[in-house]
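Close look at the chain arrangement
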Amino acid sequence: MTAATTTGLVSYEDAVRRYDPVLGIEVHVELGTRTKMFCAAEVEFGGEPNTQVTPVSLGLPGALPVVNGKAVEYAIRIGLALNCTIAESCRFARKNYFYPDVPKNFQTSQYDEPIAYDGWIDVELEDGAVFRVEIERAHMEEDAGKNTHVGGATGRIHGAEYSLVDYNRAGIPLVEIVTRPIEGAGERAPEVARAYVQTLRDIFRTLGVSEARMERGNVRADVNLSLRTSPDAPLGTRTETKNVNSFRSIERAVRYEVSRQAGVLDAGLPVIQETRHFHEDDGSTSSGRVKSDAEDYRYFPEPDLVPVAPSREWVEEIRASLPELPVARRRRLQAEWGYADAEMRDVVNAGAVDLIEATIAAGTSAAGARKWWMGELARRAKQDEVALEDLSVTPAQIAQLQSLVESGRINDKIARQVLDGVLAGEGDPEAVVVARGLEVVSDDGALLAAIDDALAAQPDIVEKVRGGNQGPVGAIIGAVMKATKGQADAKRVRELVLDRIGR
Amino acid sequence: MTNDLTRLSASDLASALAAKEVSSVEATQAHLDRITAVDGDVHAFLHVASEEALETAAQVDARRAAGEEVHPLAGVPIAVKDVVVTKGLPTTAGSKILEGWVPPYDATLVERIKAAGLPILGKTNMDEFAMGSSTEHSAFGNTKNPWDLERIPGGSGGGSAAAVAAFEAPLAIGTDTGGSIRQPGAVTGTVGVKPTYGGVSRYGLIAMASSLDQAGPVTRTVLDAALLHELIGGHDPHDSTSIDEPVPGVVEAARQGASGDLAGLRVGVVRELSGEGYQAGVSARFEESLEQLRALGAEVVEVSCPSFGYALDAYYLIMPAEASSNLAKFDGMRFGLRVEPAEGPVTAERVMGATRGAGFGDEVKRRIILGTYALSAGYYDAYYGSAQKVRTLIQRDFAAAFEKADVLVSPTAPTTAFKFGEKLDDPLAMYLNDIATIPANLAGVPGMSVPNGLSDDGLPVGFQILAPAKADDRMYRVGAALEAALQSRWGGPLLSQAPDLKTTELAR
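Residues numbered from 1 in each chain as written. Chains lettered and ligands numbered in written order. Predicted model: local features only at pLDDT ≥ 70, side-chain atom pairs only at ≥ 80, totals over all residues. Heavy atoms only, no water.

**So, the overall build of chain A**
Secondary structure assignment for chain A yields 17 helices and 14 strands. Computed over the C-alpha atoms, the radius of gyration of chain A is 31 Å, more than 25% above the 23 Å expected from 2.2 N^0.38 for a compact globule of 503 residues. For the C-alpha atoms alone, the extent of chain A along its principal axes is close to 100 × 55 × 50 Å. Sorting the 503 residues of chain A into buried and exposed places 49% on the buried side. When contacts within chain A are restricted to residue pairs at least 6 apart in sequence, long-range pairs at least 24 apart make up 68% of them. Working note: accessible area of chain A is about 23000 Å², and carbon and sulfur atoms make up 49% of it. Charged side chains in chain A number 59 positive and 78 negative. The centres of these two groups are separated by 3 Å. (Helix = DSSP H or I, 4+ residues; strand = E, 2+ residues; numbered from the N terminus. Rg over C-alpha atoms; globule rule 2.2 N^0.38 Å. Buried < 20%, exposed > 50% of the residue type's maximum accessible area, 1.4 Å probe, protein only. Contact = heavy atoms within 4.5 Å. Areas by Shrake-Rupley, 256 points an atom, 1.4 Å probe, with all protein chains shown as cover. Lys, Arg positive; Asp, Glu negative; His and termini not counted. Charge placed at Lys NZ, Arg CZ, Asp CG, Glu CD.)

Take a look at the structure:
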């Protein structure tokens, strides 16, 4: 039995008061290339098992790998975005181990010569605090096939009757990004871990190197965690929780390991260096295999491949073509839009940056765009439990709606009815206004008739207003608005009423 | 025109085909008949592809009849070493672990052979996974040396060499990791060429040691080797290590060399590749060949390559290290033999173990164990790392030697063909067969073996010519000149002195 099962969990708050957590995160991202890392097999999600294969990705006798140039370019893009140095020359290496999902019984990876190294990335936490994570290396490798264990209750290999292997995934290009020890996160370690992976995910998407869909396993994280008694103490023994594949799980896995390791240390026991599995259902981790020196991958330089030596010109070309990264973009947009820090943070957290940018591009003011997306639209998205971007209204339609309000053709209240129409698929705001007859009544003649009717119906109020008390005038205005079905401009009605009464 | 089509060189047969004096079907059938007649004894072939070969031959004949432009070697039959994958033809690499496996794809060199219209007669025997110097390590029985059926045909490509020497094929493909084309050539009186590393695509060669393996021609004449070299050589985008340059003008060099003028050529005799350990008859023939080269106008100089003394040691670390990884894929999971453990649970790991235990022969296991050890943490620097340093020193020795000489020469193998079983239980003695051929593989330079006479025991001896990387044409020039001079002295090819093989009556 391992120590973990014999010691209790320490509450997270207590644990981080007495121990300093140190993180180390390995992120694997599947590159969105058309073909695999070392052969021309197509890469497409969800194909029939073992249809996207060649002699190379099946590891057939005689087959040889050839490096996918696009994958190298993507790896360089990632390296540059993470402020890494790009190697002038680097080699692939063979990582030798026997497992049925590795068709050659070695994985072609990079060992002591990664394509990118010594970088960093700034990670923004939800409250806007910025945490810098240092990157040790980013290297290229190939994915393994996918095992399915059939029979048995757990879907795991133990108790299974037989296992199936799908080699469609074998050979898909991966870039593995390894951080240096992440120190100083303190109690915010879970949040930093999550934000780091989220930042990488956003970068992958912005760079166009991967669809980076967590739920498809495009991005997979292994989270290393150790505790020490103080920030000055040497690093403690770490555990590696494998394949934590959602942002929330990353946060939970870190919290759990902090609590668990604190319990082990409190009991005076050593933390065992091992890989651990994360359990989605209760957020716990459990012991996997013990990592010891006995595990010998017998790395040696891959003799079937020549070194990858990206020319400096090419690297600079790629650097020049890098798109603006998410953090830099957010900073630029905030300055352009004049939002306060808190406002911008809310916009980012609501996932409304792109929507607001597009709405502004369609002619709306920054304040107007924010008012819609963070107000009425946020409310409706929440009510319907959908993401903002999934509402059936476009930024261009919102811009048109706002312009209708600003030109006085409709008022705010009508605008919400127009939005109803747009969301119901009745077309653009203009079309909805016309079809529903919602245009503001701005014809004074029509209004005066309604006002005269209202005044005649409520002589007592007319008297009070004449007497100098403007308070009750609202009742008259209300009657007029009711008579015009809300389509009158309330401000104009008020002017006309007061004028009529003679005030 | 001899009545026996199997006695023609490939170039003469090609001329006869081009002149429509014979058809490819006739030529192919003649070789298939010869295989039927003698291969019961010689056992050069593991698989004979009669139907497919005749079909290709008929297609070539039809194309020729229709006046189509065809490759100069179109219609000339060829044998392919069983380590090269051939779509639709069984490919075993001489191992039980691949028995019955039929590859779904062709090696690049096979694609080129097929595109040029050479009928493939079949697959030739070899030491298992090309590990050996006698073909005794084949899982499917010994190939006999046509000069003496009691003796080994060399290895690992004993099948290809014996097939060519026994007139079962005019051309064959071999592979050479430490001498497996050249040493069988020497002991069977045939020509064998290991091109510059990267000169011929390795795509579809079942790898032993990726950084050393190279495919090349096995023939009876230097010109035939050049013709085949030109066909299979050249860049292949499927092999990252293949050279992206045109094939050196080997055919031109062979034709030019046959004129016999070597004036101005500097021939370097490698001091470390002669003397002790070389059979007297081998040394004597070597000296006579040097005299012959001088007579043709060459200047013979002595060069020293001191690091060659460590070549065998370095080779037996690098080769097994790479082989241990290359052979990991043979695990019973996807293709080939699958053996379930006799008792206990049937897990993937245990099936892999049982399959490899049953499927690999002793020599293969020996090398996998050696290589696994050499790559292990804590030993890597001392073994694999040191061996790579020796490799660099050997490359420097070659570079220095090629400053003093245009080509380097030595005996190809220290002895003539030995008897079956003589060295089977002494791996180190077996490994010494490759002492002269291994340096070229470690440096990636090209090498050729040309027959240069018979030793005192009446068995053939080979003369090795080495050239700088990508200067393969140089050794063709020298080889062709020596061949022409020796044959005029002998009054014909060396192989015409080989004893007649007993033939089995055709049942046809």
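**Topic: the overall build of chain B**
Looking only at helices and strands, chain B features 16 helices and 11 strands. In terms of overall size, chain B behaves like a compact globule, its C-alpha atoms giving a radius of gyration of 22 Å where 508 residues would be expected to give roughly 23 Å. The buried share of chain B, reckoned over its 508 residues, is 63%. A separation of at least 24 residues holds for 76% of the contacts in chain B among residues at least 6 apart in sequence.

**Brief notes about the pattern of salt bridges**
Overall, the coordinates contain 63 salt bridges over all chains when judged by the stated rule. As a salt-bridge pair, Arg17 of chain A and Asp14 of chain A come within 3.8 Å of each other at their nearest N and O atoms. Residue Arg17 of chain A and its partner Asp14 of chain A are located together in helix α2 (residues 12-18), separated by three residues, close to a single helical turn. Judged by relative accessible area, Asp14 of chain A falls into the partly exposed class, the value being 23%. Here Arg436 of chain A and Glu426 of chain A are joined by a salt bridge, their closest N and O atoms 2.9 Å apart. Taken as a pair, Arg436 of chain A in helix α13 (residues 429-436) and Glu426 of chain A in the loop between α12 (412-423) and α13 lie far apart in primary sequence, 10 residues in all. Residue classification places Arg436 of chain A among the partly exposed residues on the basis of a relative accessible area of 36%. Here the salt bridges share partners, and the residues they tie into one network are Arg94, Glu302 and Asp304 of chain A together with Arg202 and Asp239 of chain B. (Salt bridge = Lys/Arg side-chain N within 4 Å of Asp/Glu carboxyl O.)

**A look at the nonpolar core**
Tyr196 of chain A together with Tyr476 of chain B are the most contacted members of the largest nonpolar core, which has 208 residues in total. Excluding residues that lie within four positions of it along the chain, Tyr196 of chain A makes contacts with Ile25, Val27, Ile121, Val123, Val133, Ile135, Ile177 and Thr179 of chain A. Leu401, Val405, Ile410 and Ile414 of chain A belong to the second largest nonpolar core, which has 32 residues in total. (Core = buried A, V, L, I, M, F, W, Y, C linked by side-chain atoms within 4.5 Å.)

**Regarding the interface of chain A and chain B**
Interfaces are frequently sized by the accessible area removed from exposure as the parts join. Each partner contributes to the interface: chain A provides 31 residues, whereas chain B provides 39 residues. Summed over both partners, the interface of chain A with chain B buries about 2600 Å², with 60% contributed by carbon and sulfur atoms. Linking chain A to chain B there are one salt bridge. At the boundary of chain A with chain B, the tally comes to 16 residue pairs in polar contact (both at pLDDT 80 or more). Broken down by class, the residue content of the side of chain A that touches chain B amounts to 22 nonpolar, four polar and five charged. (Buried area = accessible area lost by both parts, 1.4 Å probe. Polar contact = N/O pair within 3.5 Å; in protein donor to acceptor, adjacent residues only side chain to side chain. Nonpolar A, V, L, I, M, F, W, Y, C, P; charged D, E, K, R; others polar.)

**Re unusual backbone geometry**
Negative phi is the rule for most residues except glycine; trans is the rule for most peptide bonds. Going from Gly155 of chain B to Ser156 of chain B, the amide bond is cis rather than trans, its omega being 5 degrees. For Ser156 of chain B, the position within the fold is in the loop between β3 (120-124) and α5 (158-165). For Ala212 of chain A, which is not a glycine, the phi torsion comes out positive at approximately 50 degrees. Within the fold, Ala212 of chain A resides in the loop between α4 (189-207) and β10 (219-228). The buried category is assigned to Ala212 of chain A, whose relative accessible area is 0%. Backbone geometry at Lys20 of chain B places phi at a positive 60 degrees, although glycine is not the residue there. Classification of Lys20 of chain B as exposed rests on a relative accessible area of 56%.

**Notes on the state of the cysteines**
Residues and elements named next belong to chain A. For the coordinates displayed, the defined rule picks out zero disulfides over all chains. No disulfide involves Cys39; its sulfur sits 20 Å from the nearest other cysteine sulfur, which is in Cys90. Overall, Cys39 belongs to the buried group, its relative accessible area being 14%. Looking at the unpaired Cys84, the closest cysteine sulfur is the one in Cys90, lying at 12 Å. (Disulfide = S-S within 2.5 Å.)

**So, a nonpolar patch on the surface**
Taken together, Tyr373, Tyr379 and Tyr383 of chain B make up a surface patch of nonpolar side chains, about 280 Å² in accessible area. Following the sequence through the fold, Tyr383 of chain B ends up in helix α13 (residues 381-404). (Patch = residues over 30% accessible without salt bridge, like charges linked within 9 Å, V, L, I, M, F, W, Y side chains within 5 Å.)

**Regarding the sheet that holds strand β1 (residues 45-48) of chain B**
Residues and elements named next belong to chain B. Spatially, 11 strands are ordered β1-β3-β2-β4-β6-β5-β10-β11-β9-β7-β8 in an open sheet, and the strand pairing comes out mixed. This sheet does not close on itself; its edge strands, each paired only once, are β1 and β8 (299-303). Strand-to-strand twist of the sheet, defined as the mean angle between neighbouring strand axes without regard to direction, takes the value 25 degrees. Sheet analysis places strand β2 (residues 78-81) next to strand β4 (residues 171-175), joined by three bridges and oriented parallel. Across the sheet, residue Ala79 finds its bridge partner in β4, namely Ala172. (Pairing = 2+ DSSP bridges. Axes fitted to C-alpha atoms, helices over the stretch in contact; angles between N-to-C directions.)

**Brief notes about the sheet that holds strand β4 (residues 106-109) of chain A**
Residues and elements named next belong to chain A. Here three strands make up an open sheet; going across it, the order is β4-β3-β14 and the pairing antiparallel. Either end of the sheet is taken by a strand with one partner, and the two such strands are β4 and β14 (300-301). Bridging between strand β3 (residues 93-96) and β14 involves two bridges; their strand directions are antiparallel. Across the sheet, residue Ala93 finds its bridge partner in β14, namely Pro301.

**Brief notes about helix α11 (residues 395-406) of chain A**
Helical geometry: 3.6 residues make up each α-helical turn, so side chains three or four residues apart lie on a common side. All names here are of chain A. For α11, spanning 12 residues, the distance from its first C-alpha to its last is 16 Å, which sits close to the expected 16 Å at 1.5 Å a residue. For α11, the set of buried residues is Pro395, Gln397, Ile398, Ala399, Leu401, Gln402, Leu404 and Val405. Where the residues of α11 are buried, they touch α9 (353-361), α10 (366-384), α12 and α13. In the stretch just after α11, Gly408 is the one whose phi turns positive, near 80 degrees. (Expected span 1.5 Å × (residues − 1).)

**Details of the environment of Asn96 of chain A**
Counting through the fold element by element, Asn96 of chain A comes out in strand β3. For Asn96 of chain A, a relative accessible area of 3% puts it in the buried group. In sequence terms Asn96 of chain A and Gly151 of chain A are 55 residues apart; their C-alpha atoms lie 29 Å from each other. Asn96 of chain A has contacts with Asn105, Phe106, Asp296, Tyr297, Arg298 and Phe300 of chain A together with Ser325 of chain B, leaving out every residue within four places of it along the chain.

**With respect to the domain arrangement of chain A**
Residue and element names in this part refer to chain A. Domain parsing of chain A yields domain 1 (3-318), domain 2 (324-436) and domain 3 (444-501). For domain 1 versus domain 2, the separation of C-alpha centres amounts to 38 Å. Each partner contributes to the interface: domain 1 provides 11 residues, whereas domain 2 provides eight residues. Buried surface at the junction of domain 1 and domain 2, both sides included, amounts to about 730 Å², of which 57% is carbon and sulfur. Summed over the shared surface of domain 1 and domain 2, the number is one salt bridge. For the salt bridge of Arg330 with Glu124, the shortest nitrogen-to-oxygen distance reads 3.6 Å. (Domains from an automatic or database assignment.)

**Here we look at the side chain of Thr91 of chain B**
All names here are of chain B. Within the secondary structure layout, Thr91 lies in the loop between β2 and α4 (108-115). At a separation of 3.1 Å, a polar atom in the side chain of Thr91 contacts the main-chain carbonyl oxygen of Leu89. Residues in contact with Thr91, not counting those within four places in the same chain, are Asp82, Val84, Val85, Thr86, Leu98, Trp101, Pro103, Lys123 and Ile206.

**With respect to the pairing of β2 of chain B**
Two faces make up the sheet, and in a regular strand the side chains alternate between them. All names here are of chain B. The side-chain alternation of β2 yields two buried faces, one formed by Ile78 and Val80 and the other by Ala79 and Lys81. With four bridges joining them, β2 and β3 adopt parallel strand pairing. Of the residues in β3, the one forming a bridge with Val80 is Lys123. For the segment spanning β2, α4 and β3, crossover handedness is right-handed. (Right-handed = clockwise from strand over helix to strand, strands pointing away.)

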